[in-house]
Structure formats: C-alpha cells, structure tokens
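# A look at the structure
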Amino acid sequence: MKILNKKTGLKRLIVAVCALGLMAAVPAAADELEEAQARKEALEEALEASQAEISALQESAWELEDAIAEIDSQVYSIESLISSYAYQASEIQAEIDSLQAQIDEKQVQIDEKQSEIEEKQSEIETKEADIDTKTGEIDEQYDSMKKRIQYMYENVDSMYIEAFFSTETFGEALTKVQYLNELNEYNQNMMDKLKALKAELEEEKAALETDKAALETDQAALEEEQNALADDRAYVQAQLEEVRELQYAQEAQMAYASELRSIKASELGYTESAIAENEATCADIEAELSAAISTIEALTTTYDTEVSEGTTTYAYSGGSLLWPLPSEYGADHISSWYGYRTHPVTGELYSFHCGIDIWCPQGTPIYAAASGIVVANEYNSSAGNWTVIYHGNGMYTEYMHQDYLGAVYVGQEVAAGEWIGAVGTTGSSTGYHLHIGVAFCYDGYFTGSGRVDPAPYLGLY
Ligand SMILES: [Zn+2]
C-alpha cells in the first residue's frame, strides 16, 4: 500500500519533472516548488487512501469485537447450562447411589435369609437322618420281636410243657413263663418308646420345615423389594443418561463457540496489526507531507516577508480585486455563481460550486486579480489547467479551465492586471469559461477548504 502510493508519487514527480524540462526559463525555486506541490498532492491522496483503509479496518475490527462479545455471552450462557446439567447429573447420581446402597442392604438381608434357610435345611437333613435311624431301629426291634413272638407262638405249648417238666418246682416253671411274658412286655415298651421318639423327631422336622418356609417367604419379599429398587434405579439411570446427553450437546456447542471465538480473535489480531501498519504508514506520509508543505510555505513566507519589508513591487495592499477578464466580458457574462447548484456536468442536484464562472470565448486573456506570487500552475482533472496566486495575509485567487499552461511559472511574482493565461475548457468543464475563485488559507499553503464567495471581493455585491 505504502509502496504503491510512493510509486504513484514517483509517477507524478516524473510528470512534473518532464513538464519542467519543457519550460527551460523556469528558475530553480519554481522547479523545487512545482515538485513539492506534486509531491504534496500525491501524499495527500496516499494519506487519504491510508486513512480510508484505517476506517474500513476499524469498522471490521469493531464488527469482530461485537462478534467476539456475542460469542462470549453465548459461551457464558452455555457454561451456566452445562453447570446446571452437571449439578442435575450429580443429584441424580446421588439418588442412584442411595438406591444402590438400599439394593446392597437388601442383598445382605437376602443373603442372611439364605444362610438361615441353609441352616434350617441342614437341621432338617439331620432330623431326617435321625428319623431314618430311628425307623431302622424300630424295624429291627419289630423284626426281632416278630421272630420271638412267632417262635413263642409256634413253640409255646412245648415250651410250657418243657418249662413244667424241666423244672424242679412249679414255682420255677411259673418264673420261666413270667420271664417270657416280661420279655414280651419289654419288647413292646421298647417299640413304643422308639415310635414316640420317631414321632417327636418328625414333629421337630415339621417345625423346622415351617420355619424354613417362613424364611423363604421373607426372602421372596426381600427379593421383591430389591426388584422394585432395581426398577427405580433403572428409571433414574435413564434420567441420568438424558441429562448427560444434554450436557454433552452443550459441551459440543461450547467447543464450537470457542473455536469460532479463537478464529475471530485471530482475525481481530490481523486487523489490529493492519491498522497499526496503516497508522505507521500515515505517520510516514504525514512526515513527508509536512516536508513538502514546508517547501511550499517557504515561498509564501518569502513573499510575506518581501511585502512587509517593502522589497517587492508586487505587493497587494487590499481593496477590491480587479476583473480578471477584458471589460466586454463583465458581470453580465456570469453563468454560475458561488454556492449550491445543479452540477453542469454530473447533473447532481445541490452540488457545491466553489467560485464564479464567466462565459467568454476560447483564448480570451486572463488577468491577475491582484498582485502576488504564483504558487501553483498545473493540470488537474477537475480544474484543468489551473493557476493559483498568493496575495499575502493568507489570501489566494485561482483560475481554472485555462486553454494551456506556461504563461506564468510557479514562484513568479505578478502585478495586478498582468496577463497570466488564456480561457479554455480543460478539466471538468462544459464550455469556454473562466472559473475564478478566492480562498483564505493560513497554514502557508493553498487548500480547497479555504474557498469563499469571490463576489464581494470582485465588487459584485
Ligand atoms: Zn466553475
């Protein structure tokens, strides 16, 4: 950008130097001023372009800052959503943990019941074994009793006879019979005892089985409770997954926003460094510009000094300006006054006209409106061939659309009414006319912003 403008400046310089080459009579001071003038214009253009670039960059920097601020506020609300989901998740997790603790506790109870049931079972089995043993004993007892009884029934008569005949006394025989009877009674008693014992065992076993059944009922109830808890846990677990999904979605959103923010931030960084670069360029241009301006200022300063010291015969001492054309092209030839009007070329309504247009034929001589020094004499795309004269005390007159350049040179001091050029229609113009302007610029050089209505100075009103 800076290089480009320097190139443009260089081009202008070359044009200026070539133009000077054609005018061999121009002294060194004029050459220097012409160059400074061209450089000033080029630098002003470059400065304007750089400043426009800064404004555009500033605009986009502000847009980026707004975008970043918006992303930041989005991130802030996403963060609060995420923390709210995380909080919900932790609450639900606590609920799950408490349900799990209850399930575990139920499991402990179920396990306890299970071991009690197993204990009962082994007691039942012990009882069954006892019952089996008793049953065996009863069977054995019964068998031996049966055999004895059978033997006795089969042999009872002979036994009694033998008992009677083998014994010495009747009493002995009776004792033997009694003994047999007693033996039978004993067997009977034994049987009864065994049966009673077995019945007792079976009763105990039945009691154990009742206990076991009660334990099993308790265990089933516990399992049912545990299942209900597991159902609750599954329901809450599903809720947790829903919340987690919402949380993950927000986290993804946040990652996207953060990425976007860092892109915008780096764009902002580039824009800010481009602004800084342009500002540095502006500072450089301003330094060059002030150097160019001081060259131009030197001439106006010299003229002011000459006027104040009375060393020039070209001093303007105030009062009305001279009419810049031959008297036959007077005020009745004015085709456009100073102020707002419809632009004759662009057709733009209310475009501002910065001087007075006086219609007259091509080649009509143009005269300096007052004594002074020529500070600009060049071609300009809108003013055409254009001459600016400085009259001291910040006052300038300008003469636009001239047929050609070369009647005067920059740095030349001219007297009021002296011939300075010829009427033409160069630059932005619709026909032969002189555009005369008046300006007051107090910075030592001419600028368009100092233009005022020339009419009062020309004695028109
Ligand atoms: Zn005009």
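Residues numbered from 1 in each chain as written. Predicted model: local features only at pLDDT ≥ 70, side-chain atom pairs only at ≥ 80, totals over all residues.

For the protein chain, the count of helices and strands is three helices and 12 strands. The C-alpha radius of gyration of the protein chain comes to 65 Å, more than 25% above the 23 Å expected for a compact globule of 461 residues. Taking all 461 residues of the protein chain together, the buried fraction comes to 23%. Residue pairs in contact within the protein chain that sit at least 24 positions apart in sequence constitute 77% of those at least 6 positions apart. (Helix = DSSP H or I, 4+ residues; strand = E, 2+ residues; numbered from the N terminus. Rg over C-alpha atoms; globule rule 2.2 N^0.38 Å. Buried ≥ 20, exposed ≤ 12 C-beta atoms within 10 Å, placed from the backbone. Contact = placed C-beta atoms within 7 Å.)

Attention shifts here to the nonpolar core. Judged by nonpolar contacts, the single largest core of 54 residues is most densely connected at Ile296, Ile373, Val374, Val375 and Ile389. Elements with a minimum of two residues in this core: helix H2 (28–166), helix H3 (170–309), strand S4 (356–359), strand S6 (372–380), strand S7 (384–392), strand S8 (395–402) and strand S11 (433–440). Broken down by element, this core gets its largest block of residues, eight residues, from H3. Counting contributing residues per domain, this core is built from domain 1 (2–79 + 253–309) and domain 3 (331–458), each supplying no fewer than three. The residues touching isoleucine 373, leaving out its near neighbours within four places in the chain, are Leu299, Tyr303, Tyr314, Ile389, Tyr390, Gly411 and Glu413. (Core = buried A, V, L, I, M, F, W, Y, C linked by C-beta atoms within 7 Å. Domains from an automatic or database assignment.)

This brings us to the pairing of S6. By the bridge criterion, two bridges tie S6 to strand S9 (residues 413–414) in an arrangement that is antiparallel. Each residue of the ladder has a partner; that of isoleucine 373, found in S9, is glutamate 413. Sheet topology places S6 next to S7; seven bridges connect them, and they run antiparallel. Bridge pairing links alanine 376 to valine 388 in S7. Taking the residues between adjacent antiparallel strands as the criterion, S6 and S7 are bridged by three residues. (Pairing = 2+ DSSP bridges.)

Among the structural elements, isoleucine 356 can be located in strand S4. Among all residues touching isoleucine 356, those that are not within four sequence positions of it are Ile334, Ser336, Trp337, Tyr338, Ile436, Pro454 and Ala455.

Attention now goes to unusual backbone geometry. Glycine aside, negative phi is the norm for most residues, and most peptide bonds take the trans geometry. For asparagine 393, which is not a glycine, the phi torsion comes out positive at approximately 55°. Looking at the element boundaries, asparagine 393 is found in the loop between S7 and S8. Of note, the phi angle at histidine 401 is positive, near 65°, even though the residue is not glycine. Position of histidine 401 relative to the elements: it lies in strand S8.

So, on to the confidence of the model for the protein chain. Of the residues in the protein chain, 91% reach a pLDDT of 70 or more, and the chain-wide mean stands at 87. Residue range residues 1–28 is modelled with pLDDT below 50. Its contacts to residues more than four positions away, or to other chains, number 31 contacts. (pLDDT = per-residue confidence, 0-100.)

We now examine the environment of glutamate 203. Here glutamate 203 shows up in helix H3. For the pair glutamate 203 and isoleucine 131, spaced 72 residues apart in sequence, the C-alpha to C-alpha distance is 10 Å.

We now examine the environment of alanine 206. For alanine 206, the position within the fold is in helix H3. For alanine 206, a count of 12 C-beta atoms within 10 Å translates into the label exposed. The spatial distance from the C-alpha of alanine 206 to the C-alpha of isoleucine 124 is 8.5 Å, given a sequence separation of 82 residues.

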